[in-house]
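Observations on the model geometry
Each chain, letter by letter, is given below.
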Amino acid sequence: MIAEPDARAARIAADFPLLAQPTSRGKRLAYLDSAATSQKPQAVIDSLVHYYTHDNANIHRGVYELAERATDAFEGARAKVARFVNAAEPAEIVWTRNTTEAINLVSFSWGLANLEPGDVILTTQLEHHSNLVPWQLLAAKTGAELRYIEVDAEGLHVLDDLDEKLRGVKLVAMSHVSNTLGTIAPLAEIIPRAHAVGAVVLIDGAQSTPHFAVDVRALDVDFFVASGHKMCGPTGIGFLYGKRALLDAMPPFLTGGDMIREVGYERTTFNELPWKFEAGTSNIADAIALGAAVEYLEHIGMDWVAAHERALTVYALERLQPFVARGLDIYGPKDVTKRSGVISFNFADIHAHDLASILDLDGVCVRAGHHCTMPLMDKMGWPATARASFYLYNTERDVDQLIVALDKAADVFKVA
Ligand code: 7TS
């Protein structure tokens, strides 16, 4: 008999129709790439179909019943996301396409208005390109300096020299959880110290929000960003949380319809929060479906999701252990309390892409490559890694399937 909590995960998997679909080779699917994007529960798929079947109209302008219904559902979804991350009010949630766009919004709007030559942006060596390239460009435009919190060989943040690193810092922009190594950042230590030097803090929550309870007020972050598609929601929708005082003071990013109050031929005044940052017709259906996704996650319980992923990670690390003698390198923090459900690895001298292709023959989906963290790969001296990542619907059976497929890969590539 399967032990709890695995049995619950197996029941949860039944909510995700795609997971029941065998591969073209007739293999059971073991989807271990949720760090790239999650699968969608039926409730989210139903939300999209329901919206287009019953409620579709443009928002914030119609006076007829249908348009009011669309507007209510859209703004209702914003309130659900605000509740999910414990924002003080829905107006502090701005819809974006994804994490990347939310970071660019802050970079262009807050960054260009607030940074001067000599100011410092502090980030880390773990960042996804989305939380790196915008700051490189902002630094080049403003004359600010980009500085890095270093990580050690396990991918843990080195904080010994944090006071020195924080000197002159106006913005700290860092990920909550690393998408490549799973490292959970010690934010409770970093954020108060960043605030003590007067810095604003942006946290990239793309890999945390889907996996454990996030409380933006308890963290005391200034900006927090995430993507809907990694948290059971659709692609094309994400959000920026910002403290009201900061968002209020920021100039608009994109301009045009819906974000204005009064437009004349000579001058324009802007709408209130959050609409000041939502130019043009919004991604209405996907925002509403993201609302359905967070309701689904709340119903399951984020503490359960976190505990399940931790248990599965421990199980996977145990099952992988015998391969270490055969040349398997497992990366990331050794202390499982400091890592999420992401396991990056390389096996003997098999290239990660070849390994991923062989695993795919057995229905096992893992990502291979640099995971959009090229500077980190360079620093660690890895050309690429294979990465298995877990979510609420994964079970020990998925891990077992990975183990069997790895064994086969060892045969194919004649690993001792
Ligand atoms: N930040 C982190 C920490 C991420 O993991 C990702 C996507 C992003 C930002 C960008 O998110 P987007 O929705 O704007 O694209 N990470 C991954 C990944 O690990 N594999 O595919 C996408």
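Residues numbered from 1 in each chain as written. Predicted model: local features only at pLDDT ≥ 70, side-chain atom pairs only at ≥ 80, totals over all residues. Heavy atoms only, no water.

With that settled, the discussion passes to helix α4 (residues 99–114). Compared with the 22 Å implied by 1.5 Å per residue over 16 residues, the 21 Å span of α4 between its first and last C-alpha is a close match. The largest bend in α4 amounts to roughly 25° and is located at Ser107. Of the positions making up α4, those classed as buried are Thr99, Glu101, Ala102, Ile103, Leu105, Val106, Ser107, Ser109, Trp110 and Gly111. (Helix = DSSP H or I, 4+ residues; strand = E, 2+ residues; numbered from the N terminus. Expected span 1.5 Å × (residues − 1). Bend = angle between axes of the 7 residues up to and from the residue. Buried < 20%, exposed > 50% of the residue type's maximum accessible area, 1.4 Å probe, protein only.)

The subject of this paragraph is the packing of helix α1 (residues 6–13) against helix α11 (residues 302–324). Where α1 contacts α11, the two axes come as close as 10 Å, and the packing angle between them is 110°. Between α1 and α11, the angle is such that the two are roughly perpendicular. The element α1 and its partner α11 pack so that their crossing is left-handed. Along its contact with α1, which presents Asp6, Arg8, Ala9 and Ile12, the element α11 presents Trp304, His308 and Leu312. Here the contact of α1 with α11 is built from residues that sort into four nonpolar, one polar and two charged. (Axes fitted to C-alpha atoms, helices over the stretch in contact; angles between N-to-C directions. Parallel < 35°, antiparallel > 145°, perpendicular 65-115°, else oblique. Left-handed = near helix turned anticlockwise from the far one by under 90°. Contact = heavy atoms within 4.5 Å. Nonpolar A, V, L, I, M, F, W, Y, C, P; charged D, E, K, R; others polar.)

With that out of the way, let us pick up the sheet that holds strand β15 (residues 385–389). Strand order across the open sheet formed by four strands is β11-β12-β15-β14, with antiparallel pairing between neighbours. Of all strands in the sheet, those with a lone pairing partner are β11 (328–330) and β14 (367–369), marking the two edges. The average undirected angle you get between the axes of adjacent strands in this sheet is 30°. The sheet contact formed by β14 and β15 spans three bridges and is antiparallel. The partner of Ala368 across the bridge, within β15, is Ala386. This element, α11, spans β11 and β12 (342–347) of the sheet and lies at about 145° to β11. (Pairing = 2+ DSSP bridges.)

Attention now moves to the pattern of salt bridges. According to the stated counting rule, one finds 25 salt bridges in the structure shown. One salt bridge connects Arg193 with Glu189, and the closest N-O pair in it is separated by 3.0 Å. Of this pair, Arg193 and Glu189 are both found in helix α7 (residues 187–196), four residues apart, which corresponds to roughly one turn of the helix. Given a relative accessible area of 25%, Arg193 falls into the partly exposed group. (Salt bridge = Lys/Arg side-chain N within 4 Å of Asp/Glu carboxyl O.)

Attention shifts here to the side chain of Asp258. Among the structural elements, Asp258 can be located in the loop between α9 (244–249) and β9 (260–263). Within polar-contact distance, the side chain of Asp258 engages the side chain of His60 at 3.2 Å. Ignoring anything within four residues of it in the chain, the contact list for Asp258 reads His60, Arg61, Asn271, Trp275, Glu278 and Gly280. (Polar contact = N/O pair within 3.5 Å; in protein donor to acceptor, adjacent residues only side chain to side chain.)

Our focus in this paragraph is the sheet that holds strand β8 (residues 238–242). Within the open sheet, the seven strands sit side by side as β2-β8-β7-β6-β5-β3-β4. Their pairing is mixed. Both edges of this open sheet fall to β2 (93–96) and β4 (145–149), since each of them pairs with a single strand only. The average angle at which neighbouring strand axes cross in this sheet is 20°, direction not considered. As paired elements, β2 and β8 share four bridges and run antiparallel to each other. Bridging across to β8, Val94 finds its partner in Leu240. Where helix α5 (residues 133–142) meets the sheet, its contacts fall on β3 (120–124), β4, β5 (169–175) and β6 (200–204), and the angle it forms with β4 comes to roughly 145°. Each of β4, β5 and β6 touches α7; the most contacted strand, β6, lies at about 150° to it.

Bringing the domain arrangement of the protein into the picture now. When cut into domains, the protein gives domain 1 (4–31 + 301–412) and domain 2 (45–299). Placing a centre on the C-alpha atoms of domain 1 and another on those of domain 2 gives a separation of 28 Å. Every contact between the two is made by 37 residues of domain 1 and, on the other side, 33 residues of domain 2. Both sides together, the interface formed by domain 1 and domain 2 hides about 2600 Å², and carbon and sulfur atoms give 60% of it. (Domains from an automatic or database assignment. Buried area = accessible area lost by both parts, 1.4 Å probe.)

Right, let's talk about the packing of aromatic side chains for a bit. This model, assessed by the stated rule, comprises eight aromatic pairs. Geometrically, the ring pair formed by Phe16 and Tyr296 is edge-to-face, given 5.7 Å between the ring centres and 80° between the ring planes. Here Tyr296 lies in helix α10 (residues 284–300) and Phe16 lies in the loop between α1 and β1 (30–31), a separation of 280 residues in the sequence. In textbook terms, an aromatic cluster arises when at least three aromatic residues are bridged by ring pairs, as seen for Phe16, Tyr296, Tyr391 and Tyr393. Between Arg8 and the ring centre of Trp304, over which it is positioned, the NZ or CZ distance is 4.9 Å. (Phe/Tyr/Trp six-rings, centres within 6.5 Å; stacked < 30°, edge-to-face > 60°. Lys NZ or Arg CZ within 6 Å of the ring centre and 35° of its normal.)

Right, let's talk about the nonpolar core for a bit. Membership of the largest hydrophobic core comes to 67 residues, with the highest contact counts inside it found for Trp95, Val172, Phe239, Leu392 and Tyr393. If you tally residues by element for this core, the top one is α10, at 12 residues. Viewed by domain, this core spans two of them, domain 1 (4–31 + 301–412) and domain 2 (45–299), each represented by three or more residues. Apart from residues no more than four positions distant in its own chain, Leu392 is found in contact with Ala9, Ile12, Phe16, Cys232, Tyr296, Leu297, Ile300, Trp304, Val305, His308 and Glu309. With 33 residues, the next largest nonpolar core counts Leu32, Leu320, Ile343 and Phe347 among its residues. (Core = buried A, V, L, I, M, F, W, Y, C linked by side-chain atoms within 4.5 Å.)

Taken together, 16 residues lie around the ligand, and Thr100, Asp204, Ser227, Arg367 and Arg387 are the ones closest in. A distance of 2.5 Å separates a nitrogen atom of the ligand from a polar side-chain atom of Asp204. Between the ligand and the protein, one listed contact pairs a nitrogen atom with a side-chain N or O atom of Lys230 at 2.9 Å. Within the complex, the protein chains bury 89% of what would otherwise be the 490 Å² of accessible surface of the ligand. (Near = heavy atom within 4 Å. Areas by Shrake-Rupley, 256 points an atom, 1.4 Å probe, with all protein chains shown as cover.)

Along the chain, Leu273 connects to Pro274 via a cis peptide bond; the corresponding omega equals -5°. Positionally, Pro274 belongs in the loop between β10 (268–270) and α10. A positive phi angle, close to 65°, is found at His60, a residue other than glycine. On the secondary structure map, His60 appears in the loop between α2 (42–55) and α3 (65–84). By relative accessible area, which is 30% here, His60 ends up partly exposed. In this structure, Asn86 is a non-glycine residue whose phi angle is positive, near 60°.

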